[in-house]
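# Observations on chain architecture
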Amino acid sequence: MRHADAVQIVSWEEAEAALRAVRTVVFIREQQVPEELEWDEYDAVSKHVLALNNAGQPVGTARLLPDGHIGRMAVLKEWRGQGLGSALLTTLLQILIRRRQFEAQLHAQTSAIPFYKKFGFQVVGEEFMEAGIPHVKMMLSLKESALII
Ligand SMILES: CC(C)(COP(=O)(O)OP(=O)(O)OC[C@H]1O[C@@H](n2cnc3c(N)ncnc32)[C@H](O)[C@@H]1OP(=O)(O)O)[C@@H](O)C(=O)NCCC(=O)NCCS
């Protein structure tokens, strides 16, 4: 599978069922995030990315808010460690660069800090709790990014 080819940029309106399917498994079932926290008003105004397997089934997702915030990064357990998370994040960073929004930021679960550090994100400030899970704010300046072409 060529992962980068399998990532689609979608709106909530056109891909709601697929986006909900992945996030339900990863966040609500696996991580026990309460349903009322998982779904919010930002989904409708965000750009979403969707990773599909060879059968066209959704296996990963993430979203980008209008203000440049990245969030809801999720890959189904059995599909992790194969570069899909990286392909999703790269696609969102490329969208930010196209918009000339050169500051990427996100709230990382502390367990995912090493994943984001590989992209150059740095921890800013203290740890805090969100949806019952420890998080840190992370930021990345894209001004010098190798993704700029
Ligand atoms: C975080 C997540 C999206 C990463 O997706 P993935 O498809 O496994 O990521 P990749 O395969 O692209 O991994 C890229 C690199 O980061 C590393 N990595 C990924 N997740 C990691 C983690 N939790 N801890 C340490 N390293 C990690 C991989 O080993 C890989 O390293 P390599 O380049 O040396 O091989 C996925 O683990 C996930 O969905 N986790 C559960 C939900 C979650 O925690 N989301 C983050 C919310 S902030």
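Data block above holds the structure.
The following refers to the structure shown. (Residues numbered from 1 in each chain as written. Predicted model: local features only at pLDDT ≥ 70, side-chain atom pairs only at ≥ 80, totals over all residues.)

For the ligand, the set of nearby residues contains 18 residues, the closest of which are Arg80, Gly85, Ser86, Pro114 and Phe115. Counting residues per element, the ones that place at least two in the shell around the ligand are β4 (69-75), α3 (84-98), β5 (103-109) and α4 (113-117). (Near = placed C-beta within 6 Å. Helix = DSSP H or I, 4+ residues; strand = E, 2+ residues; numbered from the N terminus.)

The subject of this paragraph is the sheet that holds strand β3 (residues 58-64). Spatial ordering of the open sheet is given by β1-β2-β3-β4-β5-β7-β6, a layout of seven strands whose pairing is mixed. The outermost strands of the open sheet, each flanked by one partner alone, are β1 (7-10) and β6 (122-130). Geometrically, the sheet is characterised by an average inter-axis angle of 25° between neighbouring strands, direction not taken into account. For strand β2 (residues 47-52) and β3, the ladder comprises six bridges, and the chain directions are antiparallel. Opposite Ala51, over in β3, you have Gly60 as the bridge partner. This element, helix α1 (residues 12-30), spans β1, β2, β3 and β4 of the sheet and lies at about 110° to β3. Against the sheet, α3 touches β1, β2, β3, β4 and β5, its axis set at about 30° to β3. (Pairing = 2+ DSSP bridges. Axes fitted to C-alpha atoms, helices over the stretch in contact; angles between N-to-C directions. Contact = placed C-beta atoms within 7 Å.)

One broad trend across soluble globular proteins is that nonpolar side chains are buried collectively. If you look at the biggest cluster of nonpolar residues, it comprises 31 residues, and the most contacted ones within it are Ala51, Ala62, Ile70, Leu88 and Leu92. Going through the elements one at a time, α1, β2, β3, β4, α3, β5 and β7 (133-141) are the ones with two or more residues in this core. It is α3 that provides the largest number of residues to this core, a total of seven residues. (Core = buried A, V, L, I, M, F, W, Y, C linked by C-beta atoms within 7 Å. Buried ≥ 20, exposed ≤ 12 C-beta atoms within 10 Å, placed from the backbone.)

Here we take up α1. For α1, with 19 residues, the first-to-last C-alpha span of 22 Å runs short of the 27 Å given by 1.5 Å per residue. Ala18 marks the point of greatest bend in α1, at about 40°. Here α1 has its buried residues at Leu19, Val22, Arg23, Val26 and Phe27. The inward-facing, buried residues of α1 contact α2 (35-38), β2, β3 and β4. After α1 finishes, the residue Gln32 shows a positive phi value of roughly 60°. (Expected span 1.5 Å × (residues − 1). Bend = angle between axes of the 7 residues up to and from the residue.)

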